[in-house]
Amino acid sequence: LSRMASAMFQLSVGRVLEIKLHLQAGDLQECVEQAVREVLPLTSQKGIEVLFDWVAPPAPLHFESSQMEQVLINLLENACKFTPKCGVIEISGHPWYWDPSSDGNSPVSGGMSNGSVSVNTFRVDVRDSGPSVPAPYLEKIFEEYTTYSGGCDRAGGGLGLAICKSIIGRHQGRIWAENSAEGIVFSLLLPMDSDGQHSRTNGDHCHKAAVLMEAGV
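For the structure given in this document, a descriptive report is provided here. Model, not experiment: these values are computed from the prediction.

## What to know about helix α2 (residues 28-38)
Part 1: Of all the residues in α2, the buried ones are Leu-28, Cys-31, Val-32 and Ala-35. Across the axial projection of α2, the buried residues extend over an arc of 100°, all falling on one side.
Part 2: Looking at the buried residues of α2, the elements they touch are β2 (49-54), β3 (62-63), α4 (65-82), β4 (88-96), β7 (121-128) and β9 (183-191).
Part 3: The N-cap of α2, judged by a side-chain oxygen 3.0 Å from the amide nitrogen of Gln-29 a few residues on, is Asp-27.

## Focus: the nonpolar core
Part 1: One finds Leu-28, Met-68, Leu-75, Ile-89, Phe-186 and Leu-188 to be the most contacted residues of the largest nonpolar core, which totals 39 residues.
Part 2: The set of elements that each furnish at least two residues to this core consists of α2, α4, β4, β7, α5 (159-170), β8 (174-180) and β9.
Part 3: Looking at which element gives the most residues to this core, the answer is α4, with eight residues.

## Quick word on the environment of Gly-130
Part 1: Its location among the elements puts Gly-130 in the loop between β7 and α5.
Part 2: Judged by relative accessible area, which is 9%, Gly-130 ranks as buried.
Part 3: In sequence terms Gly-130 and Gly-183 are 53 residues apart; their C-alpha atoms lie 5.4 Å from each other.

## Overview of the side chain of Glu-64
Part 1: Along the chain, the position of Glu-64 falls in the loop between β3 and α4.
Part 2: Despite its burial, Glu-64 pairs with no opposite charge, the nearest such side chain being Arg-170 at 7.0 Å.
Part 3: Among the polar contacts made by the side chain of Glu-64, one reaches the main-chain amide nitrogen of His-22 at a distance of 2.6 Å.

## Let's talk about the pattern of salt bridges
Part 1: Under the defined criterion, the tally for this structure stands at two salt bridges.
Part 2: A salt bridge links Asp-125 to Arg-123, with the shortest nitrogen-to-oxygen separation between them at 2.8 Å. An identical accessibility class is assigned to Asp-125 and Arg-123; each is buried.
Part 3: Arg-127 is paired through a salt bridge with Glu-182; the nearest N and O atoms lie 3.8 Å apart. Pair noted here: Arg-127 is in strand β7 and Glu-182 is in the loop between β8 and β9, with a separation of 55 residues, a long-range link.
Part 4: Overall, the relative accessible area of 25% leaves Arg-127 in the partly exposed class.

The rules behind the values
Residues numbered from 1 in each chain as written. Predicted model: local features only at pLDDT ≥ 70, side-chain atom pairs only at ≥ 80, totals over all residues. Heavy atoms only, no water. Buried < 20%, exposed > 50% of the residue type's maximum accessible area, 1.4 Å probe, protein only. Helix = DSSP H or I, 4+ residues; strand = E, 2+ residues; numbered from the N terminus. Arc of directions from axis to C-beta. Contact = heavy atoms within 4.5 Å. Polar contact = N/O pair within 3.5 Å; in protein donor to acceptor, adjacent residues only side chain to side chain. Core = buried A, V, L, I, M, F, W, Y, C linked by side-chain atoms within 4.5 Å. Lys, Arg positive; Asp, Glu negative; His and termini not counted. Salt bridge = Lys/Arg side-chain N within 4 Å of Asp/Glu carboxyl O.

Printed below as a string of structure tokens:
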């Protein structure tokens, strides 16, 4: 409840000024494991099997642990809500190459490398065996005021996915959804720290927030 209240506050205040991030090098796998423990009552009740596949990042990831746990819990709760009884949720993590200037819904694929291009992010996928989302709504489900029409309709993501998008955006990452043959997969990217770039960028965010405060925004 504390994490959710904090996330809702930041979602609201974030429209006015950039919230200072307290980034620290962390183990994202621990955040995933904690999120899985927190949704255990949901998965147990429906007999959902949770599969896990993880490749450790080759460079540090800097993030706020509580916020990343909130993102993962929201994604898993969403998956549990729509996964049928005795269904499957798959969680995977691996290094990835992301070209921020590329067009299209999905970032460029790369695995450990993409030709001569080294990976620069870490990707987490949460795939479930529930119903897919109509293509026109794949981006809209992350909007704060998208309505949910009930039943098995996933066209409205609700507040949880909007919070995910806000948190990942403040971490300079990206989150999106894609339909697959097995169901739907929610994916997120977090930048990997190279030569302290992420720390410097976070300092720029702090400076901008300070300027806004001084201006009385």
